[in-house]
Amino acid sequence: SQKIEQNSEALNIQEGKTATLTCNYTNYSPAYLQWYRQDPGRGPVFLLLIRENEKEKRKERLKVTFDTTLKQSLFHITASQPADSATYLCALDPSPGSASKIIFGSGTRLSIRP
Amino acid sequence: DTGVSQNPRHKITKRGQNVTFRCDPISEHNRLYWYRQTLGQGPEFLTYFQNEAQLEKSRLLSDRFSAERPKGSFSTLEIQRTEQGDSAMYLCASSPGTGLLNTEAFFGQGTRLTVV
């Protein structure tokens, strides 16, 4: 069956350190993989999109990698700040090449302590 | 354009009642999605539209749920004969939908439904 798996346990990181979140998927062949941030009581907010022919994507303090062989994406926040505390969701298109839905993982809650 | 708008933000209803939610997507976005989210879980796909056509509906969705997108603009999600298990955050999202590959989705603030 098709699955998107993210660390179910919350991740607690000291301010200033790099936070690394993992997204693994099975039985998908995504062309795009996306990362979103979600704060409590609010809708997800898009952060980054990485294509299957891209190994790495950066945006300010954020970095995403995409390994289609391992079927894994890593999401890094460098120089983490308490304001980065949120739930981070990975998402993918399960049927690239035909208009379809976006499927989300369950998210990883990140806490940055001062 | 201020983004995706959902109404109401909160809805409390008695079991057995019908409820309807509205979503106004970003102008000219072709794709519109409905998701349901419960505490500690990611958004669960319910259904999505390409313009006014409903292209897919989750098999998890019972016949009590129906969605429409007349004229390819706003959308409504109706839940008939609500049950306590329907309590959740209902999220709407839209995306430009250019080409066959998805781009990022823009989410509304959601409608929190509580069935008592």
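It should be noted that the structure appears before, not after, this text.
Residues numbered from 1 in each chain as written. Chains lettered and ligands numbered in written order. Predicted model: local features only at pLDDT ≥ 70, side-chain atom pairs only at ≥ 80, totals over all residues. Heavy atoms only, no water.

A.B. asks: Explanation requested: the interface of chain A and chain B in the structure shown.
C.D. replies: Interface size is commonly expressed as the accessible surface area that is lost when the partners come together. Each partner contributes residues to the interface: chain A has 24 residues there, and chain B has 23 residues. In this assembly, chain A packs against chain B so that about 1,900 Å² is buried in total across both faces, 56% of it on carbon and sulfur atoms. Where chain A touches chain B, the interface holds 1 salt bridge. For the side of chain A that touches chain B, the secondary structure elements donating two or more residues are β4 (32-38), β5 (45-51) and β10 (103-104) of chain A. A per-element tally of the side of chain A that touches chain B places β4(A) first, with 4 residues. (Contact = heavy atoms within 4.5 Å. Buried area = accessible area lost by both parts, 1.4 Å probe. Salt bridge = Lys/Arg side-chain N within 4 Å of Asp/Glu carboxyl O. Helix = DSSP H or I, 4+ residues; strand = E, 2+ residues; numbered from the N terminus.)

A.B. asks: Help me out: how do you make sense of unusual backbone geometry in this one?
C.D. replies: Generally, phi is negative for residues other than glycine and the peptide bonds are trans, each holding for most cases. The omega torsion across B:Asn7 and B:Pro8 is -10 degrees, close enough to zero to call that bond cis. Of note in this structure, A:Lys71 is not a glycine but carries a positive phi near 55 degrees. Mapping A:Lys71 onto the fold places it in the loop between β7 (62-67) and β8 (72-77). A:Lys71 sits in the partly exposed class, given a relative accessible area of 30%. (Buried < 20%, exposed > 50% of the residue type's maximum accessible area, 1.4 Å probe, protein only.)

A.B. asks: Can you help me understand the pattern of salt bridges in this one?
C.D. replies: A side chain of one charge can pair with a side chain of the opposite charge when the charged atoms of the two come close. Counting across every chain of the model gives 9 salt bridges over all chains. Close ionic contact of A:Lys57 with A:Glu54 constitutes a salt bridge, the shortest N to O distance being 3.8 Å. Residue A:Lys57 is classed as partly exposed on the basis of its relative accessible area of 25%. A salt bridge links B:Arg64 to B:Glu83, with the shortest nitrogen-to-oxygen separation between them at 3.4 Å.

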